[in-house]
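Listed here are the chains, written in short residue letters.
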Amino acid sequence: MSDDQPRDTGSRSIELETVEDTEAFGRRLAADLHAGDLVVLDGPLGAGKTALTRGIAAGLGVQGRVTSPTFVIAREHRPGSADGRTPVGLVHVDAYRLGNGPGALDELDALDLDTDLADAVVVVEWGEGLVEKLTDRHLRVRLRRDPDSDVRRAEWAWVG
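What you see is a predicted model, and the numbers here were worked out from it, not measured in a lab. (Residues numbered from 1 in each chain as written. Predicted model: local features only at pLDDT ≥ 70, side-chain atom pairs only at ≥ 80, totals over all residues. Heavy atoms only, no water.)

Another point: the overall build of the chain. Scanning the chain from N- to C-terminus turns up four helices and seven strands. Counting from the amino terminus, the chain carries its helices and strands in the arrangement β-α-β-α-β-β-α-α-β-β-β. With 160 residues in all, the chain has 44% of them scored as buried. In the chain, the share of contacts with a sequence separation of at least 24, taken over all contacts with a separation of at least 6, comes to 68%. Carbon and sulfur atoms make up 45% of the accessible area of the chain, which amounts to about 8,200 Å² in all. (Helix = DSSP H or I, 4+ residues; strand = E, 2+ residues; numbered from the N terminus. Buried < 20%, exposed > 50% of the residue type's maximum accessible area, 1.4 Å probe, protein only. Contact = heavy atoms within 4.5 Å. Areas by Shrake-Rupley, 256 points an atom, 1.4 Å probe, with all protein chains shown as cover.)

A word on the side chain of H138. With respect to the element layout, H138 can be found in strand β6 (residues 138–145). Contact partners of H138, with chain neighbours within four places excluded, come to L38, V40, E132, A157, W158 and V159.

What follows covers the layout of surface pockets. Over the atoms rolls a probe the size of a water molecule, and in doing so it shows where empty space is left. Approximately 200 Å³ is the volume found for the second largest pocket. Taken together, 15 residues make up the lining of the second largest pocket; nearest its centre are L45, G46, K49, T50 and E125. Among the elements that take part in the lining of the second largest pocket, helix α2 (residues 49–60) stands out by supplying four residues, more than any other. Considering only residue class, the lining of the second largest pocket consists of six nonpolar, five polar and four charged. (1 Å grid on protein atoms, 1.4 Å probe; cavity = no way out; pocket = protein on both sides within 12 Å on 5 of 7 lines; lining within 4 Å. Points joined across faces, edges and corners; volume = space filled by probe spheres on them. Nonpolar A, V, L, I, M, F, W, Y, C, P; charged D, E, K, R; others polar.)

A word on helix α1 (residues 19–30). With twelve residues, α1 extends 17 Å between its outermost C-alpha atoms, agreeing within 8% with the 16 Å of an ideal straight helix rising 1.5 Å per residue. Those residues of α1 that sit buried are T22, E23, A24, F25, G26, L29 and A30. Of the surrounding secondary structure, the elements contacted by the buried residues of α1 are β1 (12–16), α2, β6 and β7 (152–159). (Expected span 1.5 Å × (residues − 1).)

Further remarks concern the sheet that holds strand β5 (residues 120–125). Here we have seven strands laid out as an open sheet, ordered β1-β7-β6-β2-β5-β4-β3, and mixed in their pairing. Each edge of the open sheet carries a strand with a single partner, namely β1 and β3 (74–77). Shown here is a sheet whose adjacent strand axes are inclined to one another by a mean of 20 degrees, direction ignored. With four bridges joining them, strand β2 (residues 38–42) and β5 adopt parallel strand pairing. Paired with V40 across the bridge in β5 is V124. Sheet strands touched by α1: β1, β6 and β7. Its angle to β1, the strand with the most contacts, is close to 150 degrees. Across the sheet, α2 touches β2, β4 (89–94), β5 and β6, and the angle it forms with β4 is around 170 degrees. (Pairing = 2+ DSSP bridges. Axes fitted to C-alpha atoms, helices over the stretch in contact; angles between N-to-C directions.)

What follows is about the packing of α1 against α2. Their axes nearest at 6 Å, the elements α1 and α2 cross at an angle of 45 degrees. As judged from the angle between their axes, α1 and α2 are oblique. Where α1 crosses over α2, the handedness of that crossing is right-handed. In this structure, α1 uses V19, T22, E23, F25, G26, R27, L29 and A30 to contact α2, whose residues at the interface are A51, L52, R54, G55, I56, A58, G59 and L60. (Parallel < 35°, antiparallel > 145°, perpendicular 65-115°, else oblique. Left-handed = near helix turned anticlockwise from the far one by under 90°.)

What follows concerns the pattern of salt bridges. Applying the stated criterion across every chain yields a total of five salt bridges. In this structure, R153 and E15 form a salt bridge, with 3.3 Å as the shortest nitrogen-oxygen distance. Of this pair, R153 sits in strand β7 while E15 sits in strand β1, and the two are 138 residues apart along the sequence. The partly exposed category is assigned to R153, whose relative accessible area is 34%. Accessibility expressed as a relative area gives 44% for E15, which makes it partly exposed. (Salt bridge = Lys/Arg side-chain N within 4 Å of Asp/Glu carboxyl O.)

Right, here's the structure in full:
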């Protein structure tokens, strides 16, 4: 995160009725993200973590199609053209398979995410409790899905 960028630390929430709403919310979040920012996404399967990342990617203007990196663990998207902003890349990580065991930190270190943080926005799904050590501050987004509908609720705040 850039030290010269003021961050609101208050927690906020929003209801997201559709996948398109989730992606639009991601585009709005992207407007405040810069190279060096870490975004940690938490939520159960189907909560909308990848849809939110697609929105963040669209807002940043990165290249390439955003899909879940579950089996490759991390995908890098190069900077593209973003309207009126400095181009910034995106690293999209799915930490689900890393687990929380003793080897998880070694696997995380092997990804060199701390290096990527200098040049890109890093978005980590399933990373809560694991990746926060990479930066002094991060944006935590918790997504929950109503079990009886497709409505999702997102809560977010800068932590640290």
